[in-house]
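Understanding the architecture of this molecule
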Amino acid sequence: MGETLKLFGWKVSPYSHRAEVALRLKGLKYEFIHEDLANKSDMLIRYNPILKKIPVLLHGDTPIVESQVIVEYIDEVFDGHPILPKDPYERAEARFWARFIDEKVRPQVWMSCWTDGETQKSFIAQAKESLAILQGRLEGKKFFGGDSIGLIDIMACSLALWFGVMQEVVGLNLLNEDDYPELCRWGEEYRNAEAVKECLPERELIVGFFAPRKDRIFAKKAPVYD
């Protein structure tokens, strides 16, 4: 299998960021192919015909889809910075927390921003409980897995930047230093890591995406990163 790497993605998307930061942690050279999500390319559809979503990693002629799958593939195929632990139990535990973030935390914080009334109160309560659990995981550690960025940190990247922007746009104060000092400290550590800084979108770029679409996203209440 050839070593040519291409990543089909969108710079504002945290899912694309997950794949890109994994590539950079490994020190790999790749071509980032920017996708217009309103007019997806024929190549994207060709390489991900079932889901038709970003990101897609093309390794030689082989496409790999879905952000966590891509991150784990990169870790398994290429030498360098370890993203998952070597110990089987620790690997299973990392995958559990990655799933917890993607299936519970991410939808809860998203809906806390894009709902109102009693529905919003319910999602905020759920999000607070989940954020407190994550905060507990960070006690005494620089990153979720220890001293270096791993799978859990990558999967939680939205909490390091994107969620803060959404809070700003909608006027919410959920994730803050008073209530979640360890999570906020972790977010700063993550944003300032060299591999992350190289591919983290500018805050203004994310604001520029969400702010003019605020009413439409609020009405739809669905993720817009596909």
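The paragraphs below set out a description of the structure included in this document. Computed from a predicted model, the values in this text were never measured in an experiment. (Residues numbered from 1 in each chain as written. Predicted model: local features only at pLDDT ≥ 70, side-chain atom pairs only at ≥ 80, totals over all residues. Heavy atoms only, no water.)

Side note on helix 1 (residues 14-25)
- Taking 1.5 Å per residue, 12 residues should reach 16 Å; helix 1 reaches 16 Å between its end C-alpha atoms and fits that length.
- Counted residue by residue, helix 1 has 11 buried out of 12 residues, so it is predominantly covered.
- Among the residues of helix 1, those classed as buried are Pro14, Tyr15, Ser16, His17, Arg18, Ala19, Glu20, Val21, Ala22, Leu23 and Leu25.
- Among the residues trailing helix 1, glycine 27 stands out with phi positive, at a value near 70°. (Helix = DSSP H or I, 4+ residues; strand = E, 2+ residues; numbered from the N terminus. Expected span 1.5 Å × (residues − 1). Buried < 20%, exposed > 50% of the residue type's maximum accessible area, 1.4 Å probe, protein only.)

Re a negative patch on the surface
- On the surface, a cluster of negative charge is made up of Glu177, Asp178, Asp179 and Glu188.
- Mapped onto the elements, glutamate 177 comes out in the loop between helix 8 (162-170) and helix 9 (181-192).
- Exposure remark for glutamate 177: the relative accessible area of 61% places this residue in the exposed category. (Patch = residues over 30% accessible without salt bridge, like charges linked within 9 Å, V, L, I, M, F, W, Y side chains within 5 Å. Areas by Shrake-Rupley, 256 points an atom, 1.4 Å probe, with all protein chains shown as cover. Salt bridge = Lys/Arg side-chain N within 4 Å of Asp/Glu carboxyl O. Lys, Arg positive; Asp, Glu negative; His and termini not counted. Charge placed at Lys NZ, Arg CZ, Asp CG, Glu CD.)

Concerning the packing of helix 5 (residues 117-138) against helix 9
- The N-to-C vectors of helix 5 and helix 9 enclose an angle of 65°; their axes lie 8 Å apart at closest approach. Judged by the inter-axis angle, helix 5 sits roughly perpendicular to helix 9. Of the two possible hands of crossing, helix 5 and helix 9 adopt the one that is left-handed. In this structure, helix 5 uses Leu131, Leu134, Gln135 and Leu138 to contact helix 9, whose residues at the interface are Pro181, Glu182, Leu183, Arg185 and Trp186. (Axes fitted to C-alpha atoms, helices over the stretch in contact; angles between N-to-C directions. Parallel < 35°, antiparallel > 145°, perpendicular 65-115°, else oblique. Left-handed = near helix turned anticlockwise from the far one by under 90°. Contact = heavy atoms within 4.5 Å.)

Here we look at the sheet that holds strand 4 (residues 62-65)
- The four strands are arranged 2-1-3-4 in an open sheet whose pairing can be described as mixed. Edge positions in the sheet fall to strand 2 (31-34) and strand 4, since each has one partner strand and no second. Strand-to-strand, the axes of this sheet are offset by a mean angle of 20°, without reference to chain direction.
- Pairing analysis gives four bridges linking strand 1 (residues 5-9) to strand 3 (residues 56-59), with the strands arranged antiparallel. Each bridged residue has a counterpart across the sheet, and for lysine 6 the counterpart in strand 3 is leucine 58.
- Contacts from helix 1 reach strand 1, strand 2 and strand 3, with the element oriented near 160° to strand 1. (Pairing = 2+ DSSP bridges.)

Details of the nonpolar core
- Formed by 77 residues in total, the largest nonpolar core has its most connected members in Leu57, Leu134, Leu159, Leu183, Trp186, Tyr190 and Phe210.
- Here this core takes 10 residues from helix 4 (residues 88-113), the largest share from any one element.
- If sequence neighbours within four positions are ignored, leucine 134 has contacts with Trp97, Phe100, Ile101, Val105, Phe144, Leu159 and Leu183. (Core = buried A, V, L, I, M, F, W, Y, C linked by side-chain atoms within 4.5 Å.)

Here we look at the packing of aromatic side chains
- What the rule picks out here adds up to 10 aromatic pairs.
- Relative to phenylalanine 100, the ring of tryptophan 97 lies with its centre 5.3 Å away and its plane at 80°, an arrangement referred to as edge-to-face. Taken together, the residues tryptophan 97 and phenylalanine 100, both in helix 4 and three residues apart, mark about one turn of the helix. This pair shows no difference in class: tryptophan 97 is buried, exactly as phenylalanine 100 is.
- Measuring from ring centre to ring centre gives 5.9 Å for tryptophan 110 and tryptophan 114, while their planes differ by 50°; the resulting arrangement is tilted.
- The exposure class assigned to tryptophan 110 is buried, which follows from its relative accessible area of 6%.
- Taken together, the ring pairs connect Trp10, Trp110, Trp114, Phe209 and Phe210 into an aromatic cluster.
- The ring of phenylalanine 32 has lysine 11 sitting right over it, with the charged end atom 4.3 Å from the ring centre. (Phe/Tyr/Trp six-rings, centres within 6.5 Å; stacked < 30°, edge-to-face > 60°. Lys NZ or Arg CZ within 6 Å of the ring centre and 35° of its normal.)

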